[in-house]
Amino acid sequence: MTQQQIELFIASHPGMFPPAAMPRIYQMLQDAPESKNLILQSLDFKNPTAALILSLLLGYLGIDRFYIGDIGQGVGKLLTGGGCGVWTIIDWFLITDAARQKNLTLLCQACSY
């Protein structure tokens, strides 16, 4: 990808990835062939802010974990009522980082050959 395409990708996805992973992301995007550009633009990244709002409102049902793709943890929270509320409160602090990490994993899988 060209430098302009990389900057456009990063600018169109603000806050979607862990800040510490940005150098790695730049390198992956630089190494990605042009044929991956359309695939990268069509990826369905999860918004960390939306995950936090879901966690605050419906976290005891596991909806936040279902949203980011952690189906097993979502079922666990659903069956235990958010771990009797404890797991729900912990997720209020962890869900945004979990969403960013899922986005990074998705990007890494899309950039792999």
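Residues numbered from 1 in each chain as written. Predicted model: local features only at pLDDT ≥ 70, side-chain atom pairs only at ≥ 80, totals over all residues. Heavy atoms only, no water.

## Section: the packing of aromatic side chains
And then number 1: Counted under the stated rule, the structure contains three aromatic pairs.
And then number 2: Consider the rings of Phe17 and Phe45, whose centres lie 5.1 Å apart with planes at 80°: the pair is edge-to-face. Placement of the pair is Phe17 in the loop between helix H1 (3–11) and helix H2 (22–31) and Phe45 in the loop between helix H3 (37–41) and helix H4 (48–58), with a sequence separation of 28 residues. The pair Phe17 / Phe45 is uniform in exposure class, with both members buried.
And then number 3: By way of ring pairs, the aromatic residues Phe9, Phe17 and Phe45 are connected into one cluster. (Phe/Tyr/Trp six-rings, centres within 6.5 Å; stacked < 30°, edge-to-face > 60°. Helix = DSSP H or I, 4+ residues; strand = E, 2+ residues; numbered from the N terminus. Buried < 20%, exposed > 50% of the residue type's maximum accessible area, 1.4 Å probe, protein only.)

## Structural notes on the pattern of salt bridges
And then number 1: A full pass over the atoms with the stated rule returns seven salt bridges.
And then number 2: The residue Lys77 makes a salt bridge to Asp64 at a minimum N-O spacing of 3.0 Å. With Lys77 in helix H6 (residues 71–84) and Asp64 in helix H5 (residues 63–68), this pair connects stretches of sequence that are 13 residues apart.
And then number 3: A relative accessible area of 0% places Lys77 in the buried class.
And then number 4: For Asp64, a relative accessible area of 0% puts it in the buried group.
And then number 5: Residue Asp91 is joined to Lys77 by a salt bridge in which the shortest nitrogen-to-oxygen separation is 2.8 Å. Linking Asp91 in helix H7 (residues 86–111) with Lys77 in helix H6, this pair joins segments that are 14 residues apart in sequence. (Salt bridge = Lys/Arg side-chain N within 4 Å of Asp/Glu carboxyl O.)

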